[in-house]
Amino acid sequence: MLAVIAGALAARRAQALAVLLLAVLASAAAAAAPMYVAAAGQALASQELAAAGPDERRVRFSSIADYPGIPTDPGVAAFRGQVEPFAAAGFEVVLGAQAPGVAAGPAGTVASTLVFRQGICARVAVTGTCPAPTAAGQRPEVMVSTNTATHLGVRAGGELTFAGVPLRVTGVYRPLDPTAPYWLGTEYLPPPAPGPPPASSVGSARDAIFTGGGSARLADEDAILQRPTADLFVTERLVRTGSVDDLRAAVATASGNAGRDRLGTSTSLRDLLHRVTVQRDQLAVGVTLGAGLLVLLCWLVLFMAVSSAADLRRPEQGLLLLRGVQRRRLWTLAVGEHAVPTLAAIPLGCLAGLAAVDLLAAHTLAGEIAVALDPTAVGYAALAAVGALAAVLLAQARSLSAPVVDLLRRVPSRVRGWRASIGDVVALSVAVAAVVQLRAGGAPSGLALLAPVVGALAVGVLLARLAMTVGAAVGARLLARGRNAAGLALVQVARQPRFRPLIALLTVVVAMLAFTAATRELATAAYADRATVDVGAARVVGVDALSRKHLLDAVRAVDPEGRYAMAVVARSRTSRGDLPLLAIDSDRLAAVAAPHPSYGVPLSAIAGTLRPRPPAEPVELRGWSLTVVVTVDYDEAAYAGAEPRLFVSVASRSGSRRITADRPLETGRGAYRVPVPECESQCRLVNFEIASPLTPRPLRVRFEELRAGDGDTVRLTPADFAEAGRWRAPDERFYSLAAAGGRTPGLVLDVPEGRWPDPIAVAVADAPDVLPGWLTRSAGTNLGSVRYDALDSTPATALVAGFAARLPRFGESGLVLDLEHADRRAVGGQSGDKEVWLGQAAPADVLDRLRAQGLIVRYERTIGAERRTLASEAPALALGFNLFAALAGVLIGAAGLVAMAVAEQRNRVATMVALRRQGLSPRAVRGGYGWPVAVATAAGVFAAVAMWLLTRHGQRLFSDGRSSVPIPDWPDVGGLLVVTVPAVALFALTAAVLGRVLAASVRRRAGR
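Everything numeric here is computed off the predicted structure, so don't read it as measured data. (Residues numbered from 1 in each chain as written. Predicted model: local features only at pLDDT ≥ 70, side-chain atom pairs only at ≥ 80, totals over all residues. Heavy atoms only, no water.)

1. Let's talk about the overall build of the protein
Right, so step 1: Scanning the protein from N- to C-terminus turns up 26 helices and 32 strands.
Right, so step 2: Evaluated residue by residue, the protein yields a buried proportion of 51% over its 1008 residues.
Right, so step 3: For the protein, the proportion of contacts with a sequence separation of at least 24, taken over those separated by at least 6, is 81%. (Helix = DSSP H or I, 4+ residues; strand = E, 2+ residues; numbered from the N terminus. Buried < 20%, exposed > 50% of the residue type's maximum accessible area, 1.4 Å probe, protein only. Contact = heavy atoms within 4.5 Å.)

Pasting the structure below:
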């Protein structure tokens, strides 16, 4: 039998080669899927690790007790049971100890931390020497940062004290890579306070002071109390190649056992591992879909090609059976003949898949990604090869099991009745079920993932049946009219049942290419849209500022004309579910923020209504102290022990402050002094407050004069106080505020008895009573007022000036106000993130200019970086692989067209030669292969559009499943045509070449 199989392979070399090539393609696609998932999973893990916070990258063990003495190497005894499993798993272990306290030097003091930390000397550049362990009787050695050395006035070789303990400074350090996880973000290099820039661009005067440890004993052992720690860092190699489940289990086990060893644990590593798991799962699902499509296409082409060849050998098999050859021997021959090329396809497919993944990873994945051939890939390749063998045997099952009488017929009997339609019914039923499941909502899973594929297949098989019927009828009519070329081609194609699966195959290829390309185009646009809205401007710089006024003044000083910079305070939704708040320097919004049509209104329309003219101008003050002249009237006997007091709130560059007057209020006219050193350069009056624990009798206070500075310059006269529009009462339910005229003008505050003992405020009306704001439509569409939490976290009301579909930064839910007016209405508090939004016109040194104004830059976001991040997440990577698979499917479709033509060429040539000898025109000798291509192209486009309309809202484009911007309904047609037109052109060219080959063969056989 082996000799017979070898002879069959030699005799049918072309078919064996076709089986080998298609099996290699199937094995390569199957092997490529797990290899690409592993490679892209490494890239996703690296990306998540790079974006993770310090606490998400490590597990910290710390002693729950403090020990006296200089921080020193704790050894491994206390942490051995907890640390060893992590160290064995590949974690980077850093032991240490730390003690908080106050460091003092010749030039000043600073609150800092004395730290021993393994490996510190290898991570710093030192002027002087690294501290060494000290023995008993020696002065402990330390090194300080450049910032701390400048602030304390020390240098290498000098001395400082920590918690009163003398220490010798052996060196001044500068971190080599302050962004490394070793520094734990800002734990050892805390950011500076806003104001003059520090001596170094990294850290502040509060940087950690590192010691070499040792056994030096202190005179007062309780002066310094240290706490041993162990930080276990997850490495990039570990998170890229390790098992997430194993890491999660190790963290859970260690955390559960820590209490037994009197250790505390803290980590957010589980959050990082969860994100990595979600991304990898999404990637695996998407890639498996694309690879599965390729494998199924290969199997389908194999089935068509082998079944066509088997039909040609039916008479041969019938004769063998008549001569007594047993059917099991024919099955053995069929299995052996095709098992050889399919088994040979496994190693070839693995190598081809490895090369394809290498090429794809180089163009789609960031960084150096190792692509390796693992046992999983080999197993999938073997499974695909076995499936290819099953498709081959299934294609021959009909001929190998048919009766001898049927085998001896030149034309196979047609399948009629319900058996002829069962495949169409099954395909349609599966497609309907998949679409229904997908549109039911939630993350696509199960059959819903296959909705585009099975939908395209259902359209393909139904339209293929219709095309065969229509083709036969049209061909007959064309022949009757004498149009022999087109009519004969249509009739010949329509009467060949094997062209039905070919049309279905090409339909699926065209539909999936169009659908995948459309999804990719849509995703690209969606990533750009979301990045634009989520970031808000071309560049967004997070800063630390002394106050909101400091932020406003600094940005206006950097960009006086308002061309490219805007101060912003953004606060996300609070725990009480309050609206996200965006406070902006509204005059600059249109010039700086990135416009987007999803906002629904132009940015200039929003900005134009946010800053109306306030009732009064701000009251600017200058001087070290204020003097408030008031006339007070109350029953001193009733208020005995609870005399009312006067408070003044001012806002300066350093923030807001509430200061009490020098003495309680007394009856009669008096002048009360309030020290305000922050007003030496300039400040703004916020309000006056009268506070008393209780009000047993009515209380009246007349404000008559405000003087500022040591020279008592009159800043507000009695007439100024008498201007009612200059003042506002935040809450007049329990008191009244009125302007008094006559001979003694002023502002009169009347408090009836029994009022709640809250401070009574009289504020300057330098902002509108109710701030106007723009609200997103999701929060309501009725004009009126809306409640929100102000910038000082107090409840407030805004007047809805208009509605926007979306807002920059917060998308479809939020409220936008003017920052300057919102700051004037806020008494204190600094809630929200302070940011500077920069437009395209921002100069290259804009960050240096901001730092020169005392702002501390904490982070920077850009639209481009956000778009690239979205495009490198799991859904985008899966789409890239699926587009690659769809393009490979085009080649498989062309191979199927060639295989079909080769399988039926002998019969077609014989028929055409007979007709030529009867006088058929040479021009009428055409293959008719353009008809399946034309039908499949139209059906594929129809299927793609139908599947797009049914499934476009169920496609997962973002790893978190959300988008702040509506996803476009339709992709860019131009980008879609760039991908699909060449594929259809390839099919048309293949059909034309096959037709010419057929005509050439007929000419040779006919001899003319």
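2. What to know about the packing of aromatic side chains
Right, so step 1: The final tally for this structure, using the stated rule, is 16 aromatic pairs.
Right, so step 2: When the ring of Tyr634 is compared with that of Tyr639, the centres are 5.0 Å apart and the planes differ by 75 degrees; the resulting orientation is edge-to-face. Taken as a pair, Tyr634 and Tyr639 share a single burial class, namely buried.
Right, so step 3: Seen from their ring centres, Phe688 and Trp727 are 6.1 Å apart, and the 45 degrees between their planes marks the pair as tilted. On the criterion of sequence distance, the pair formed by Phe688 in strand E20 (residues 683-691) and Trp727 in strand E23 (residues 727-728) is long-range, its members being 39 residues apart.
Right, so step 4: By way of ring pairs, the aromatic residues Tyr173, Tyr182, Trp183, Tyr188 and Phe210 are connected into one cluster.
Right, so step 5: Arg123 extends its terminal NZ or CZ atom over the ring of Tyr182, reaching a point 4.0 Å from the ring centre.
Right, so step 6: The ring of Phe647 carries Arg658 above its face, with NZ or CZ at 3.9 Å from the centroid. (Phe/Tyr/Trp six-rings, centres within 6.5 Å; stacked < 30°, edge-to-face > 60°. Lys NZ or Arg CZ within 6 Å of the ring centre and 35° of its normal.)

3. Re the state of the cysteines
One way to say it: the disulfide is the covalent bond shared by the sulfur atoms of two cysteines.
Right, so step 1: Scanning the entire structure with this criterion turns up two disulfides.
Right, so step 2: Each disulfide pairs two cysteine sulfurs, and for Cys679 the partner residue is Cys683, the sulfurs being separated by 1.9 Å. Handedness here is read from the sign of the S-S torsion; for Cys679 and Cys683, about 90 degrees, the answer is right-handed. With respect to burial, Cys679 and Cys683 carry one shared label: buried. (Disulfide = S-S within 2.5 Å.)

4. Side note on a nonpolar patch on the surface
Right, so step 1: Together, Leu428, Val432, Val436 and Leu462 make up an exposed nonpolar region whose accessible area comes to about 330 Å².
Right, so step 2: Assignment of secondary structure puts Val432 in helix H12 (residues 418-439).
Right, so step 3: Of the residues examined, Val432 reaches a relative accessible area of 47% and is grouped as partly exposed. (Patch = residues over 30% accessible without salt bridge, like charges linked within 9 Å, V, L, I, M, F, W, Y side chains within 5 Å. Areas by Shrake-Rupley, 256 points an atom, 1.4 Å probe, with all protein chains shown as cover. Salt bridge = Lys/Arg side-chain N within 4 Å of Asp/Glu carboxyl O.)

5. Side note on the pairing of strand E16 (residues 625-633)
Right, so step 1: Across the nine residues that make up E16, a large majority, seven, are buried.
Right, so step 2: Note that E16 and strand E19 (residues 668-675) share eight bridges and pair antiparallel. Pairing of Thr631 across the sheet is with Arg669, part of E19.
Right, so step 3: Pairing of E16 with strand E21 (residues 699-708), which is carried by eight bridges, proceeds in the antiparallel orientation. Each residue of the ladder has a partner; that of Thr631, found in E21, is Arg702. (Pairing = 2+ DSSP bridges.)

6. With respect to the pattern of salt bridges
Right, so step 1: In this structure the tally under the stated criterion is 46 salt bridges.
Right, so step 2: For the salt bridge of Arg58 with Glu187, the shortest nitrogen-to-oxygen distance reads 3.8 Å. Of the two residues, Arg58 is situated in strand E1 (residues 58-63) and Glu187 in the loop between strand E8 (165-175) and strand E9 (209-211); the sequence distance between them amounts to 129 residues.
Right, so step 3: The class of Arg58 is buried, set by a relative accessible area of 8%.
Right, so step 4: Residue Glu187 is classed as partly exposed on the basis of its relative accessible area, which comes to 32%.
Right, so step 5: In this structure, a network of salt bridges that share partners links the residues Arg556, Asp559, Asp585, Asp587, Arg588, Arg611, Asp818, Glu820 and Arg824.

7. Some remarks on the nonpolar core
Right, so step 1: Counting residues in each nonpolar core, the largest one holds 60 residues, and the members touching the most others are Leu297, Leu502, Leu505 and Phe987.
Right, so step 2: The set of elements that each furnish at least two residues to this core consists of helix H2 (13-51), helix H7 (269-312), helix H10 (375-401), helix H13 (451-480), helix H15 (499-535), helix H23 (874-903), helix H25 (930-951) and helix H26 (973-1006).
Right, so step 3: Ranked by the residues each element gives to this core, the list is headed by H15, at 14 residues.
Right, so step 4: Apart from residues lying up to four places away in sequence, Leu297 is in contact with Leu505, Val508, Val509, Gly889 and Ile892. (Core = buried A, V, L, I, M, F, W, Y, C linked by side-chain atoms within 4.5 Å.)

8. Concerning the sheet that holds strand E13 (residues 565-571)
Right, so step 1: Strand order in the open sheet formed by nine strands is E28-E29-E27-E30-E14-E13-E31-E12-E32, and the pairing between neighbours is mixed. Every other strand in the sheet has two partners, leaving strand E28 (785-789) and strand E32 (856-862) as the edge strands with one partner each. Strand-to-strand twist in this sheet, taken as the mean axis angle between neighbours without regard to direction, amounts to 35 degrees.
Right, so step 2: Strands in contact with helix H16 (residues 548-558) are strand E12 (539-544), E13 and strand E31 (833-838); relative to E13, the strand with the most contacts, it is inclined by about 155 degrees. (Axes fitted to C-alpha atoms, helices over the stretch in contact; angles between N-to-C directions.)

9. As for the pairing of strand E27 (residues 771-776)
Right, so step 1: With six of six residues buried, E27 is to be regarded as a mostly interior element.
Right, so step 2: The two faces of E27 match: Leu771, Gly773 and Leu775 on one face and Pro772, Trp774 and Thr776 on the other face are all buried.
Right, so step 3: Relative to strand E29 (residues 795-804), E27 is paired through six bridges, and the arrangement is parallel. Opposite Leu771, over in E29, you have Ala798 as the bridge partner.
Right, so step 4: In terms of strand pairing, E27 meets strand E30 (residues 815-818) through two bridges, oriented antiparallel. Directly across from Leu775, in E30, lies its bridge partner Leu815.

10. Here we look at the side chain of Asp792
Right, so step 1: Residue placement: Asp792 occurs in the loop between E28 and E29.
Right, so step 2: No salt bridge is formed by the buried Asp792; its nearest oppositely charged neighbour, Arg548, is found at 6.3 Å.
Right, so step 3: Reaching out from Asp792, the side chain makes a polar contact with the side chain of Thr794 at a distance of 2.6 Å. (Lys, Arg positive; Asp, Glu negative; His and termini not counted. Polar contact = N/O pair within 3.5 Å; in protein donor to acceptor, adjacent residues only side chain to side chain.)

11. Remarks on the packing of H13 against H25
Right, so step 1: Relative to each other, H13 and H25 sit at 140 degrees, their axes nearing to 9 Å. The element H13 and its partner H25 pack so that their crossing is right-handed. Only Trp931, Val935, Ala939, Phe942, Ala943, Met947 and Thr951 of H25 make contact with H13, whose side of the interface consists of Ala451, Pro452, Gly455, Ala456, Val459, Leu463, Ala467 and Gly471.
Right, so step 2: Residue classes in the contact of H13 with H25 are distributed as 12 nonpolar, three polar and no charged. (Left-handed = near helix turned anticlockwise from the far one by under 90°. Nonpolar A, V, L, I, M, F, W, Y, C, P; charged D, E, K, R; others polar.)

12. Comments concerning helix H3 (residues 80-89)
Right, so step 1: Within H3, the full set of buried residues consists of Gln82, Val83 and Phe86. End-on, the buried residues of H3 take up no more than an arc of 85 degrees, which puts them together on one face. Across H3 from its buried face, at more than 90 degrees, point the exposed residues Gly81 and Ala88.
Right, so step 2: Elements in contact with the buried residues of H3: E1, strand E3 (92-105), strand E10 (225-233), helix H6 (244-258) and strand E11 (263-267).
Right, so step 3: After H3 finishes, the residue Gly90 shows a positive phi value of roughly 115 degrees. (Arc of directions from axis to C-beta.)

13. Here's the deal with H16
Right, so step 1: Of the residues making up H16, those classed as buried are Arg548, His550, Leu551, Leu552, Ala554, Val555 and Val558.
Right, so step 2: Residues of H16 that are buried sit in contact with E12, E13, helix H20 (819-825), E31 and helix H21 (846-852).
Right, so step 3: For H16, the capping residue at the N-terminal end is Ser547, with a side-chain oxygen 3.4 Å from the backbone nitrogen of Lys549.

14. Quick look at the environment of Gly119
Right, so step 1: For Gly119, the location among the structural elements is in the loop between strand E4 (108-117) and strand E5 (124-128).
Right, so step 2: Judged by relative accessible area, which is 36%, Gly119 ranks as partly exposed.
Right, so step 3: Note: C-alpha distance between Gly119 and Val94 (25 residues apart in sequence) is 7.7 Å.

15. Concerning the confidence of the model for the protein
Right, so step 1: Summary statistics for the protein give a mean pLDDT of 82 and a share of 83% for residues scoring 70 or more.
Right, so step 2: Mean pLDDT in the protein bottoms out at helix H1 (residues 2-11), which sits at 55, and peaks at E9, which reaches 95. (pLDDT = per-residue confidence, 0-100.)

16. As for a negative patch on the surface
Right, so step 1: On the surface, a cluster of negative charge is made up of Asp635, Glu636, Glu643 and Glu666.
Right, so step 2: Looking at the secondary structure, you find Glu636 in the loop between E16 and strand E17 (645-652). (Charge placed at Lys NZ, Arg CZ, Asp CG, Glu CD.)

17. Concerning the packing of H15 against H26
Right, so step 1: Running from amino to carboxyl end, H15 crosses H26 at an angle of 160 degrees, the nearest separation of the two axes being 8 Å. Considered as vectors, H15 and H26 are oriented roughly antiparallel to each other. Between H15 and H26 lies a crossing of right-handed hand. Across from Leu506, Val509, Val510, Leu513, Ala514, Ala517, Ala518 and Glu521 in H15, the residues of H26 making contact are Gly975, Leu976, Val979, Thr980, Ala983 and Phe987.
Right, so step 2: Among the residues forming the contact of H15 with H26, the class breakdown is 11 nonpolar, two polar and one charged. (Parallel < 35°, antiparallel > 145°, perpendicular 65-115°, else oblique.)

18. Here we look at the environment of Gly158
Right, so step 1: In this fold, Gly158 is placed in the loop between helix H4 (146-152) and strand E7 (159-162).
Right, so step 2: A sequence separation of 13 residues divides Gly158 from Gly171, and the C-alpha atoms of the two residues are 9.0 Å apart.
Right, so step 3: When neighbours within four sequence positions are excluded, Gly158 is seen to be in contact with Leu167, Arg168 and Val169.

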